[in-house]
Amino acid sequence: MTGTADALSQQRPRIVVVGAGFGGLNVVQALAPAAVDITLLDRTNHNLFQPLLYQVATAALAPSDIAVPIRSIFSRRPNVRVLMGEVDGVDTAGRLVGVRETGEIPYDVLILATGSVYSWFGHDDWASRSISLKTLDDAERVRLHVLGAFELAESRTDPGEIRALLTFVVVGGGPTGVELAGAIAELARSTLARDYRHIDPKSTRVVVCEGGPRLLASFPERLSAYADRKLKALGVEVRTGETVEDVRDDGITAAGHRIAAANVFWCAGTEATPAARWINAQPGRHGLIKVNADGSVVGHDDIFAIGDVAEMAGPDGKPLPALAPVAKQQGYHLGRMIRARIEGRSAPKPFHYRDYGQLAVLGRSAAVADFGWLRMTGVLAWMLWGAVHLFLLLGARNKMVVYLNWVWAWITYGSGARLMTGVDRALSERSDRAGSIGDDERRTQQARHAPDHPNPSATPYPSPDTPAQPVPARASDPASARG
C-alpha cells in the first residue's frame, strides 16, 4: 500500500469516486469531513433508490419520489465536486480518469462504485426486444408501456391483438421480478378494473418465467412457497424451471413453449459495468473486479472497487451478494479507512459484512422477510418492509410523499402517477407487434377451417402457449441482484 500512503500524505489528496449509488454515496459521506478534494462522477444528476423503482414503473410513485439530486446532498461540502459525465477509460499510469464530456480528471485515489447492468446471457439482441428495469428512464419506459398497453387495447377490436397487449411476461423470479409482476397484476385487477369500457383489465395475463426451481432463490424455501401462493392468488401465472430460450418481438420461448405477448420485461440477471476494462484488470465472474480484503483492486493499490462491480469474499469464502446493504457497508468502511490514513490514525477493523436480512413485497398487505433468526410473512412482514424502505429513503420530502402515497393507495386501491407524459416510439412498436400476433391468429383460424389444409395443428399461435422448437443456447437465470 506504499503508493496509496504516499498519495494520502499530500496536503490535499485528490479522490475521484465514479458512481453515486449506494456505495459511492456512502464512501463520499464518510470521507467528506476529511482534508481531501473529492470529485464524484455519475452519468446522471441524481441518487436513485432502486428498491422502489418497480413502483415508479407501475404508476404507484412518481420518479421524483425516489430520487434526490446529488448536488443537494453535498451542497454544504465545499470540498466535494459533483460532475455529470460518462467515464470512457482510465490511465492508471498517469492517474487520470477519462470523462467523455469533460476530459481527463487527475486522481491520487480512485474508487469505482459503478454498479451493475442487466445481462442477457450472451443474447444481446434480446435487449431490443424486452424492457429492463435499472434506471429512472427504464422505469418511465415500463410505465409508458404498461399504461399504454391498456390504452391501445381499449381502441382495438381484434381479440388476438387485445390478448397480446394485455399479456405481460416478466423474465426472472428474483425480488425485482416478483415485485414487478405482483404490482402489474394489482394495477390491472384493482386500480384499472373500472376505468375501461371495451376491455376487461381483470382478464390481464401476467406471467413470471424463472429458470430455477423456485421463486426468490436467495430466500428460504418456506418463504419462496409463500411468495408463489400469493402471486398465484393475485392471478399471476408462475412458471418455474422454465429457462427462456428466445425473445422475439411477439413474445418469448421458455422450455419449448411459446408465449405470445406484446410486453416482455427483463429482470433475470446482472453483470458488472465495464469498469474492469477501464483499468485493464482481469475480470472475474460476470465481469466483476477482483479486490483484496480492504477493497483495493488486485495489482492497483491506489484503486478501490465496491458494490456490485467488485468481487469480494465473505466470511465463508464465497463472494458477497450484489445487494444494496453490501455496497453501503463497503462504502462506509472504505471511507473511514481512507480518512484514518489521511489523518494518521490507526485503521478501523477489517471489513466484515453484517447481513441484516432481506425483504420482498408481494402486493397489498403481503411480503416476506428473512432475518436468519426470524422469518416473517403476511401483513407484519409487509409493514416492516414499508418501515425499512421509508427509513432508508433519502430526503424528508420523499419519505413523507411516499408514505402518503402508500396510505392513499391502500385506502382507495388507486395509483397516483398514472399519467403518460410522452409517446415512446417503442409504444407504437408494441402496437405493431400485437397486431402481428392478431394477424397470425386470424390466419390460424382461417387455416383451421380450410378443407385442404395439410396440417391443421401446424399453426403459429393456436393458443396463448404453443410448443416451439427450443433454441440451442440456454442460459441460467440467477436471482435478481437488486438491493
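Caption draft 1: Region of the structure containing the overall build of the protein. Secondary structure assignment for the protein yields 13 helices and 27 strands. When the 483 residues of the protein are sorted by exposure, 54% land in the buried category. By sequence separation, contacts in the protein at least 24 residues apart represent 67% of the contacts at least 6 residues apart. When the accessible surface of the protein is split by element, carbon and sulfur atoms take 54% of a total near 21,200 Å².

Caption draft 2: View of the sheet that holds strand β9 (residues 109–112). If you trace the six strands from one edge of the open sheet to the other, you get β5-β2-β1-β9-β22-β21, paired in mixed fashion. Edge positions in the sheet fall to β5 (80–84) and β21 (296–297), since each of these pairs with one other strand and no more. Note: strand β2 (residues 37–42) against β5, five bridges, orientation parallel. The partner of Asp-42 across the bridge, within β5, is Met-84. Packed on one face of the sheet, helix α2 (residues 22–31) meets β1 (14–18), β2, β5 and β9 and runs near 160° to β1.

Caption draft 3: Structural view of the environment of Arg-239. Tracing the backbone shows Arg-239 in strand β14 (residues 236–240). One polar contact links Arg-239 to Glu-242, side chain to side chain, over a distance of 3.1 Å.

Caption draft 4: Expanded view of the nonpolar core. Core analysis: the largest hydrophobic core is formed by 87 residues, its most contacted members being Ile-66, Phe-150, Val-169, Val-244, Ile-252, Phe-265 and Trp-266. For this core, the element with the highest residue contribution is helix α5 (residues 136–154), accounting for nine residues. Setting aside its immediate chain neighbours within four residues, Ile-252 contacts Val-169, Cys-209, Val-244, Asp-246, Val-247, His-257, Arg-258, Ile-259 and Val-264. Within the second largest apolar cluster, 31 residues are counted, among which are Trp-278, Val-291, Ala-305 and Phe-351.

Caption draft 5: Geometry of helix α7 (residues 175–191). In this model, α7 (17 residues) spans 22 Å end to end at C-alpha, consistent with the 24 Å of a helix rising 1.5 Å per residue. Taken across its 17 residues, α7 has 14 buried, putting it largely inside the fold.

Caption draft 6: Expanded view of the pairing of strand β25 (residues 367–370). A two-sided burial pattern is seen for β25, the buried positions comprising Ala-367 and Ala-369 on one face and Val-368 and Asp-370 on the other. The turn linking strand β24 (residues 358–361) back onto β25 is made up of five residues, and Gly-363 within it adopts a positive phi angle of 115°. Strand direction decides the pairing type here: β25 and strand β26 (residues 375–377), joined by three bridges, are antiparallel. Note that in β26 the partner of Val-368 across the bridge is Thr-377. A loop of four residues connects β25 with β26, the two strands running antiparallel in sequence, and Gly-372 in this loop sits at a positive phi of about 80°.

Caption draft 7: Quick look at the side chain of Asp-158. Along the chain, the position of Asp-158 falls in the loop between α5 and α6 (159–165). Taking the relative accessible area as the measure of exposure, Asp-158 reaches 13% and is therefore buried. A polar contact of 2.9 Å, which involves the side chain of Asp-158, links it to the backbone nitrogen of Glu-161.

Caption draft 8: Main features of the pattern of salt bridges. All chains considered together, the criterion is met by 18 salt bridges. Between Arg-14 and Asp-108 there is a salt bridge, with its nearest N and O atoms 3.1 Å apart. Remark: Asp-108 occurs in the loop between β8 (103–106) and β9 and Arg-14 occurs in strand β1; sequence separation between them is 94 residues. Looking at Arg-14, the relative accessible area reads 34%, which means it is partly exposed. For Asp-108, a relative accessible area of 2% puts it in the buried group. Through salt bridges with shared partners, one network takes in Arg-205, Glu-237, Arg-239 and Glu-242.

Caption draft 9: Quick look at the packing of aromatic side chains. The tally for this structure, following the rule as stated, stands at eight aromatic pairs. Taking the centre distance of 6.3 Å and the plane angle of 15° together, the rings of Phe-168 and Phe-265 count as stacked. You can see Phe-168 sitting in strand β12 (residues 167–171) and its partner Phe-265 sitting in strand β18 (residues 263–266), a full 97 residues away along the chain. The same class applies to Phe-168 and to Phe-265, which are both buried. Ring centres of Trp-385 and Trp-406 lie 5.4 Å apart, and the angle between their planes is 35°; on these two criteria the pair is classed as tilted.

Caption draft 10: Representation of the packing of α2 against helix α10 (residues 324–342). Close contact between α2 and α10 brings their axes to 7 Å; oriented N to C, the two are set at 25°. Classified by the interaxial angle, the pair formed by α2 and α10 is roughly parallel. Crossing of α2 against α10: the hand is right-handed. Across the interface between the two elements, Phe-22, Gly-23, Asn-26, Val-27, Ala-30 and Leu-31 of α2 pack against Ala-324, Ala-327, Lys-328, Gly-331, Tyr-332, Leu-334, Gly-335, Arg-336, Ile-338, Arg-339 and Ile-342 of α10. Tallied by class, residues from the contact of α2 with α10 come to ten nonpolar, four polar and three charged.

Caption draft 11: Broad picture of the sheet that holds β26. The sheet built from three strands is open, its strands ordered β24-β25-β26 with antiparallel pairing. Both outer strands of the open sheet, β24 and β26, are each paired with one neighbouring strand and no more. Strand after strand, the sheet turns through a mean of 5° between neighbouring axes, direction not considered. Here four bridges tie β24 to β25, and the two strands are oriented antiparallel to one another. Residue pairing in the sheet places Val-361 in a bridge with Ala-367 of β25. Here helix α8 (residues 221–233) sits on the sheet in contact with β25 and β26, set at roughly 10° to β26. Each of β24, β25 and β26 touches helix α11 (residues 379–392); the most contacted strand, β24, lies at about 110° to it.

Caption draft 12: Highlighting the environment of Leu-31. Note that Leu-31 resides in helix α2. Take Leu-31: its relative accessible area is 1%, and that puts it in the buried class. Sequence spacing of Leu-31 and Met-337 is 306 residues, and the spatial spacing of their C-alpha atoms is 9.0 Å. For Leu-31, the contacting residues outside a window of four places in its chain are Ile-15, Val-36, Ile-38, Ile-111, Gly-335, Ile-338, Arg-339 and Ile-342.

Thresholds applied
- Residues numbered from 1 in each chain as written.
- Predicted model: local features only at pLDDT ≥ 70, side-chain atom pairs only at ≥ 80, totals over all residues.
- Heavy atoms only, no water.
- Helix = DSSP H or I, 4+ residues; strand = E, 2+ residues; numbered from the N terminus.
- Buried < 20%, exposed > 50% of the residue type's maximum accessible area, 1.4 Å probe, protein only.
- Contact = heavy atoms within 4.5 Å.
- Areas by Shrake-Rupley, 256 points an atom, 1.4 Å probe, with all protein chains shown as cover.
- Pairing = 2+ DSSP bridges.
- Axes fitted to C-alpha atoms, helices over the stretch in contact; angles between N-to-C directions.
- Polar contact = N/O pair within 3.5 Å; in protein donor to acceptor, adjacent residues only side chain to side chain.
- Core = buried A, V, L, I, M, F, W, Y, C linked by side-chain atoms within 4.5 Å.
- Expected span 1.5 Å × (residues − 1).
- Salt bridge = Lys/Arg side-chain N within 4 Å of Asp/Glu carboxyl O.
- Phe/Tyr/Trp six-rings, centres within 6.5 Å; stacked < 30°, edge-to-face > 60°.
- Parallel < 35°, antiparallel > 145°, perpendicular 65-115°, else oblique.
- Left-handed = near helix turned anticlockwise from the far one by under 90°.
- Nonpolar A, V, L, I, M, F, W, Y, C, P; charged D, E, K, R; others polar.

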